[in-house]
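This is what each chain is made of:
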Amino acid sequence: MKHFELIREGIDVQPFIDELAAHPEMFGADSSRQKGIPVQRETKAVLLFGVDVGDADRADLDYAFLDTQARIGMPIKYRGRATPESKILPTSAQFVRDLCCEMNGVPGRAVIAQLKPDGRIYSHIDDQLYWLMRDRYHLVVTCGEKGSWFKAGDEEAYMRKGELWWFDPTVYHEAHNVCDEPRVHFVIDVLSPHSMKSYLTRARRAPVRTAYRSVKSMFKRYRPPRPADEPSTARG
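Residues numbered from 1 in each chain as written. Predicted model: local features only at pLDDT ≥ 70, side-chain atom pairs only at ≥ 80, totals over all residues. Heavy atoms only, no water.

1. As for the packing of helix H1 (residues 14-21) against helix H5 (residues 90-102)
Reasoning step 1: It is the contact of H1 with H5, at a shortest axis distance of 8 Å, that shows an interaxial angle of 140°. By the angle between their directions, the pair H1 and H5 is classed as oblique. On H5, the residues touching Pro15, Phe16 and Glu19 of H1 are Pro90, Thr91, Ser92 and Phe95.
Reasoning step 2: Of the residues belonging to the contact of H1 with H5, the class tally is 4 nonpolar, 2 polar and 1 charged. (Axes fitted to C-alpha atoms, helices over the stretch in contact; angles between N-to-C directions. Helix = DSSP H or I, 4+ residues; strand = E, 2+ residues; numbered from the N terminus. Parallel < 35°, antiparallel > 145°, perpendicular 65-115°, else oblique. Contact = heavy atoms within 4.5 Å. Nonpolar A, V, L, I, M, F, W, Y, C, P; charged D, E, K, R; others polar.)

Pasting the structure below:
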């Protein structure tokens with residue numbers, strides 16, 4: 001398979017299940033992702049690592065949109081910073097850190113994504129430079145007996161509880177929770193020497209698109225939010 005690779009299986013995910021069960025409110029704390037990204041409308045998410053917004057109050061921001069703009073606007077410099085949620089879920093956050101360390105890499109965005117029973121993540125493609133340069137990993141924390149169904153390109157995979165998968169989000173992909181219980185994945189982006197090999201593979205597969213996205217990213221700009229009480233420096 002060229003779009004999926006099983007990295008590891010038999011991971012003990014019970015500590016993550018227990019940690020999430022102790023904080024069920026976490027999945028309802030920030031709804032900007034499912035509200036702002038239509039293909040994710042049937043999911044809920046807890047952000048562990050994301051763009052640093054400084055002193056700005058995240059409650060006043062459309063954070064999912066802002067984080068997407070940061071990934072598009074500074075694809076090379078983007079670094080996922082530990083969020084307040086990561087301090088509440090330290091065991092989960094440590095898994096992200098350990099994976100990045102294992103890959104000799106740095107974190108991008110990392111979320112815990114919950115997909116409702118019979119819910120779907122609708123077909124879409126992530127092909128800006130941020131995604132082209134990074135590897136994406138899924139750790140299956142909970143799913144039903146049938147597994148967690150994914151499709152990328154023309155390939156399909158059933159991911160099982162306790163498995164860590166690499167998959168390529170730079171082709172059209174979608175997911176369907178075929179079970180009658182919520183499905184929970186850790187979704188982790190990593191910039192690493194290995195991910196740069198992935199970038200070269202994608203460049204060979206689609207050289208025109210990759211070159212276009214790479215050049216286009218040079219003209220993108222990300223402007224971090226200002227605290228509400230900070231005066232604007234805009235003129236005219």
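2. Points about the environment of Arg33
Reasoning step 1: Assignment of secondary structure puts Arg33 in helix H2 (residues 32-36).
Reasoning step 2: The spatial distance from the C-alpha of Arg33 to the C-alpha of His3 is 25 Å, given a sequence separation of 30 residues.
Reasoning step 3: In this view, Arg33 contacts Gln40, Thr43, Ala45, Ala64, Arg109 and Ala113; residues no more than four positions away in its chain are not counted.
Reasoning step 4: At 3.5 Å, the side chain of Arg33 forms a polar contact with the side chain of Gln40. (Polar contact = N/O pair within 3.5 Å; in protein donor to acceptor, adjacent residues only side chain to side chain.)

3. A few points about the confidence of the model for the chain
Reasoning step 1: Taken as a whole, the chain shows an average pLDDT of 88; of its residues, 92% reach a score of 70 or greater.
Reasoning step 2: Across residues 228-236 the pLDDT falls below 50, and counting only partners more than four positions away or on other chains, this stretch makes 2 contacts in the model. (pLDDT = per-residue confidence, 0-100.)

4. Concerning the side chain of Glu19
Reasoning step 1: Structurally, the position occupied by Glu19 is in helix H1.
Reasoning step 2: Look at Glu19: it is buried, it has no salt bridge, and the nearest opposite charge is Arg97 at 9.4 Å.
Reasoning step 3: Here Thr91 takes part through its backbone nitrogen, which lies 2.9 Å from a polar atom of the side chain of Glu19.
Reasoning step 4: The contact partners of Glu19, leaving out residues within four places of it in the chain, are Ile88, Leu89, Pro90, Thr91 and Ser92. (Buried < 20%, exposed > 50% of the residue type's maximum accessible area, 1.4 Å probe, protein only. Lys, Arg positive; Asp, Glu negative; His and termini not counted. Salt bridge = Lys/Arg side-chain N within 4 Å of Asp/Glu carboxyl O.)

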